[in-house]
Structures are given as structure tokens and as C-alpha cells.
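Residue-level structural notes
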Amino acid sequence: MNERSGSSGEPRHRAAALARPWASRAVLLVDDHDGFRTEARALLELDGFDVVGEAADAAAAVDAAGRLHPGAILLDVGLPDADGLSIVEDLREQAPGVAIVIISGREEADFGGAIARAGADAFIAKRSLGPGVVRDLLARLDRP
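Attention here is on the structure that accompanies the text. What you see is a predicted model; the values in this text were computed from it and never measured.

The next subject is the overall build of the chain. Secondary structure assignment for the chain yields 6 helices and 6 strands. A burial count over the chain gives 49% of its 144 residues as buried. Carbon and sulfur atoms provide 50% of the accessible area of the chain, an area that totals close to 6500 Å².

Take a look at the structure:
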């Protein structure tokens, strides 16, 4: 797990993130595997998050972001209709201030600098997703 930083050392989209505080606890979960979404939803809800929507592909994710305006999006890289990294900008346009956390079954190092270049705020390997992980990550992103 890793947070993305700009040259100042602050999260790249900190100003936008503060415009939509994590306190909303509203999360959009984007992954094409039903089983993973079910498990991730249960973990997030145990941590007090409100999973306001789920999407199994990029088109549904962008639509849901525009309708639901979540505070955070957990976004899988491997979607059937697009690479998750390629829709980060579209998601931000639909839900200004959203925190975007890339999730993948692969390790962050496998992506080189692609996650940072896409403008995502953080990365979590799916195998690392457990109680408190998203809550702690978002809390770190929200600190001055």
C-alpha cells in the first residue's frame, strides 16, 4: 500500500480531496469479480464505510461516480472494458474531490510509475485488504 505524492510531498490531489472529506465514508467499489466485491464490501462495512455503489466495468464506474459522488473509489486495474488506470481522470471529472485507491491482485511495483502518472491517490494490493486498511490509508491521505 502506498500513497501518491506530488513534488511537495503532499498527496497529489490533496486540495481536491479536502473539498470532499473522507468523513462522508461513502465508497464506490469497482471490480469485475463479484466475489471480491462481496468480500471487500463486507470489510468496508465492518470499518464503518457506506458502500454506496458497485460497478463491474469502467463505463458503469464512471456513470456511478457521477450519480453517487462518493468520497472514495476503490478501483481495480483489470476491468473488462478498460484499464482502470485509464479512467482515473474521467472519475475525477464525475466526482470532484474523490480519493481514488487503485486495487490489484498484482504488486504496485509491477506497474512501474503508471499508478502515479494516472493520478491515483494510493494503491492497495488485494491480498493486503483487511480490517482497517482502507480506513487507515484514507486517514493518512487526509492529514496535513
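Looking now at the pattern of salt bridges. A side chain of one charge can pair with a side chain of the opposite charge when the charged atoms of the two come close. Here the structure, examined in full by the defined rule, presents 12 salt bridges. The residue Asp-31 makes a salt bridge to Lys-126 at a minimum N-O spacing of 2.6 Å. One end of the pair, Asp-31, is in the loop between β2 (26–30) and α2 (34–46); the other, Lys-126, is in the loop between β6 (122–125) and α6 (133–141), and 95 residues separate them in sequence. Judged by relative accessible area, Lys-126 falls into the buried class, the value being 18%. A salt bridge links Lys-126 to Asp-76; the shortest N-O distance between them is 3.6 Å. On the criterion of sequence distance, the pair formed by Lys-126 in the loop between β6 and α6 and Asp-76 in strand β4 (residues 72–76) is long-range, its members being 50 residues apart.

Let us now look at α2. In a regular helix each residue adds 1.5 Å, so 13 residues correspond to 18 Å; α2 covers 18 Å between its end C-alpha atoms and thus fits that length. When we look at burial in α2, the residues that qualify are Phe-36, Arg-37, Ala-40 and Leu-44. Along the axis of α2, the buried residues cluster in a sector spanning 95 degrees; they form a single face. Summarising the geometry of α2, the exposed residues directed more than 90 degrees from the buried face are Asp-34, Thr-38, Glu-39 and Leu-46. Considering only its buried residues, α2 is in contact with β2, β3 (50–55), β4, β5 (99–104) and α6.

The next point concerns the nonpolar core. By size, the foremost hydrophobic cluster in this structure holds 25 residues, and its most contacted members are Val-30, Ile-73, Leu-75, Ile-87, Leu-91, Ile-100 and Ile-102. Among the elements of the structure, β2, α3 (58–68), β4, α4 (88–94), β5 and β6 are those that each provide at least two residues to this core. Looking at this core element by element, the count peaks at 5 residues for α3. In this structure Leu-75 touches Val-30, Gly-84, Ile-87, Val-88, Leu-91, Ile-100, Val-101, Ile-102 and Ile-103, once residues within four positions along its chain are discounted. One finds Val-27, Leu-29, Phe-36 and Leu-137 within the second-largest nonpolar core, a separate group that totals 20 residues.

The next thing to look at is empty space enclosed by the protein. Applying the stated rule across the entire model yields 1 cavity of 30 Å³ or more. Empty space within the largest cavity amounts to approximately 40 Å³. For the largest cavity, the full set of lining residues is Ala-40, Leu-43, Leu-44, Asp-47, Leu-129, Gly-130, Gly-132, Val-133 and Val-134. Looking at the lining of the largest cavity, the elements with two or more residues in it are α2 and α6. When grouped by side-chain class, the residues that make up the lining of the largest cavity number 6 nonpolar, 2 polar and 1 charged.

As enumerated under the stated definition, the model contains 1 aromatic pair in all. Between the aromatic rings of Phe-111 and Phe-123, the centroid separation amounts to 6.1 Å while the plane-to-plane angle is 55 degrees, which identifies the pairing as tilted. Of this pair, Phe-111 sits in the loop between β5 and α5 (114–118) while Phe-123 sits in strand β6, and the two are 12 residues apart along the sequence. Phe-111 gets classed as buried once you look at its relative accessible area, which sits at 12%. Over the face of the ring belonging to Phe-49 we find Arg-25, whose NZ or CZ atom lies 4.0 Å from the ring centre. Geometry around Phe-36 places Lys-126 over its ring, the cationic atom sitting 4.5 Å from the centre.

The rules behind each value
- Residues numbered from 1 in each chain as written.
- Predicted model: local features only at pLDDT ≥ 70, side-chain atom pairs only at ≥ 80, totals over all residues.
- Heavy atoms only, no water.
- Helix = DSSP H or I, 4+ residues; strand = E, 2+ residues; numbered from the N terminus.
- Buried < 20%, exposed > 50% of the residue type's maximum accessible area, 1.4 Å probe, protein only.
- Areas by Shrake-Rupley, 256 points an atom, 1.4 Å probe, with all protein chains shown as cover.
- Salt bridge = Lys/Arg side-chain N within 4 Å of Asp/Glu carboxyl O.
- Expected span 1.5 Å × (residues − 1).
- Arc of directions from axis to C-beta.
- Contact = heavy atoms within 4.5 Å.
- Core = buried A, V, L, I, M, F, W, Y, C linked by side-chain atoms within 4.5 Å.
- 1 Å grid on protein atoms, 1.4 Å probe; cavity = no way out; pocket = protein on both sides within 12 Å on 5 of 7 lines; lining within 4 Å.
- Points joined across faces, edges and corners; volume = space filled by probe spheres on them.
- Nonpolar A, V, L, I, M, F, W, Y, C, P; charged D, E, K, R; others polar.
- Phe/Tyr/Trp six-rings, centres within 6.5 Å; stacked < 30°, edge-to-face > 60°.
- Lys NZ or Arg CZ within 6 Å of the ring centre and 35° of its normal.

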